[in-house]
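# Secondary and tertiary structure notes
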Amino acid sequence: MSAGALQLVAGSASVRLAASMGESVGVEPVARELERFPDGEIHVRLHDELRDDDVYLVQSTGPPTQEHLTELFLLADAAHRAGAARITAVVPYLAYARQDRRTATGEPVGLRVVAELLRASHVDRLVVVDPHTPALESIVSVPVETTTAVPLLAAAVRERIDTRTGADPQAPDAVLVAPDLGAAKLVERYAAELGHEVAIVRKTRLSGDEVEAGAVVGDVAGRRPIIVDDMISTGGTLASAIEALAGAGATGPVLVAVSHGLMVGPAVSRLLEAGVDTLVTTDGLEVPETDLHVVTVGLGDRLGEVVDRLHHGRPLDELAAHR
Ligand code: R5P
């Protein structure tokens, strides 16, 4: 079952990604205007007719987070009023997913608030890449489809190990590391792709940008770490994990793979100081040019395929993120 023509709309955070999805599905993104009023309000306007169409809004919600979210809400409402039959928000990185529960009295459940605002803006369905929380589906009241960048990232890691060392990617001297317990399932998914052994660093968060790493669980002595996580924000988690790994005897250049490189504040300098050799990430968020060596994996084809299958009512099957 498909609802009218497939239409793509790019938010300002995901112009390049939407264009590459468009190439993949053979559709030009819809013409639209985005401007800022003098008082800071965001104004959006869609120029194409969307009556009875199946509309996909592409907008990652990295920094400036509030602006990208607000733009997404406004684009969804505009598409609704332009007559769209169905609106799917394709949000590779979904902000507020870390606020999926209260950790102290007096806090909100931030993810729930964002979910309600998506629904109120007439979003019918949400597509996310490697979401931070497995609870996403039970918190968001519209249907959620999750896809994963792990096979793409793992392939890039494999290639990088080959290029860098000429070594066999299956060599026993590398170890895949989860920098906290939250990444324990994720590291197993990389292990299924790459075949290395796994270690986990225990972490305590002290504040929004400070963490303390504790014991390393697993054998890392004399091995090169490949650290994997869903996201890098300030780089605190990675820097402290690298320190703990060095203390446990890990050696050699550190490779890092994450689905979402937010790279906030001190992130780049922390990674450089910690001796990160290469960061492998996706173009779900645009990573700025820095001294850090970044390998970027494109999501356009994968998200294009996801959109195409959803449009034609076909299951995501192997494209879906493992739960
Ligand atoms: C936390 O559970 C996430 O998976 C990341 O480890 C964390 O958000 C990274 O943040 P930062 O880079 O600021 O330590």
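Quick summary incoming for the structure in this document. What you see is a predicted model, and the numbers here were worked out from it, not measured in a lab. (Residues numbered from 1 in each chain as written. Predicted model: local features only at pLDDT ≥ 70, side-chain atom pairs only at ≥ 80, totals over all residues. Heavy atoms only, no water.)

### Thoughts on the overall build of the protein
Selection rule: For the purposes of this entry, the term helix denotes a DSSP run of H or I that reaches at least four residues, the term strand denotes a run of E that reaches at least two, and both are numbered from the N terminus. Values of the radius of gyration come from C-alpha atoms, whereas the globule rule sets the reference at 2.2 Å times the count of residues to the power 0.38. In this scheme, a residue with accessible area under 20% of its type's maximum is buried, one over 50% is exposed, and one in between is partly exposed, where area comes from a 1.4 Å probe on protein chains only. Between two residues, a contact is recorded if the distance between any of their heavy atoms is within 4.5 Å.
Looking only at helices and strands, the protein has 9 helices and 14 strands in total. Relative to the compact-globule value of 20 Å for 323 residues, the protein shows a C-alpha radius of gyration of 20 Å, a close match. Overall, the protein is about 60 × 45 × 35 Å in size when its C-alpha atoms are taken along their principal axes. By the burial criterion, 52% of the 323 residues in the protein qualify as buried. The contacts in the protein between residues at least 6 apart in sequence include a share of 65% that link residues at least 24 apart.

### Things to note about the site of the ligand
Here is the rule: A molecule or strand has a residue near it when one of that residue's heavy atoms lies within 4 Å. Any pair of N or O atoms that falls within 3.5 Å is considered a polar contact. Within protein, one atom must be able to donate a hydrogen and the other to accept it, and sequence-neighbouring residues count only if both atoms are side-chain atoms. Methods summary: accessible areas were calculated by the Shrake-Rupley approach with a probe of 1.4 Å, and residue burial reflects only the protein chains presented. Think of a 1 Å grid over just the protein atoms. A cavity is a set of points where a 1.4 Å probe fits yet cannot get out, a pocket is an open set with protein on both sides within 12 Å along at least five of seven lines, and lining residues have an atom within 4 Å of a point. In this scheme, a molecule is assigned to a cavity or pocket if more than half of its atoms are within 2 Å of the grid points.
Looking at the ligand, there are 14 residues lining it, with Arg98, Asp229, Asp230, Thr234 and Thr237 nearest. The contact in question runs from an oxygen atom of the ligand to an N or O atom on the side chain of Asp229, over 2.6 Å. When the ligand sits alone it has 370 Å² of accessible area, and the protein chains cover 93% of it. Given that more than half its atoms are within 2 Å of the pocket grid, the ligand belongs to the largest pocket. Contributions of two or more residues to the shell around the ligand are made by strand S9 (197-205), strand S11 (224-232) and helix H7 (236-247). Counting residues per element, the shell around the ligand draws most heavily on S11, which supplies 4 residues.

### What about the environment of Glu193?
Relative to the helices and strands, Glu193 resides in helix H6 (residues 184-194). Taking relative accessible area as the criterion, Glu193 reaches 34% and is therefore assigned partly exposed. Once residues lying within four places of it in the same chain are set aside, the contact partners of Glu193 are Val150, Pro151, Ala154 and Arg158.

### Overview of the layout of surface pockets
How we decide: Grid points are joined across faces, edges and corners, and a volume is the space filled by probe spheres set on the points. Ten residue types, Ala, Val, Leu, Ile, Met, Phe, Trp, Tyr, Cys and Pro, are classed as nonpolar, four, Asp, Glu, Lys and Arg, as charged, and the remainder, Gly among them, as polar.
Here the largest pocket defines a volume of roughly 1600 Å³. Lining the largest pocket are 50 residues, with Ala97, Arg98, His132, Thr133 and Asp230 sitting closest to its centre. For the lining of the largest pocket, the secondary-structure elements that each account for two or more residues are helix H2 (65-81), helix H4 (136-139), strand S7 (144-147), H6, S9, S11 and H7. In terms of residues, the lining of the largest pocket owes the most to one element, S11, which gives 4 residues. A per-class count over the lining of the largest pocket returns 19 nonpolar, 16 polar and 15 charged.

### Thoughts on helix H9 (residues 300-311)
Spacing of three or four residues puts side chains on the same side of an α-helix, whose turn is 3.6 residues. Definition in use: One less than the residue count of a helix, multiplied by 1.5 Å, gives the span that helix is expected to have.
A rise of 1.5 Å per residue sets the reference length of H9, with its 12 residues, at 16 Å; its end C-alpha atoms lie 16 Å apart and thus fit the reference within 8%. Judged by how many residues are buried, H9 sits mostly within the fold: 9 of 12 residues are covered. Residue Gly313 follows H9 closely and has a positive phi angle near 70°.

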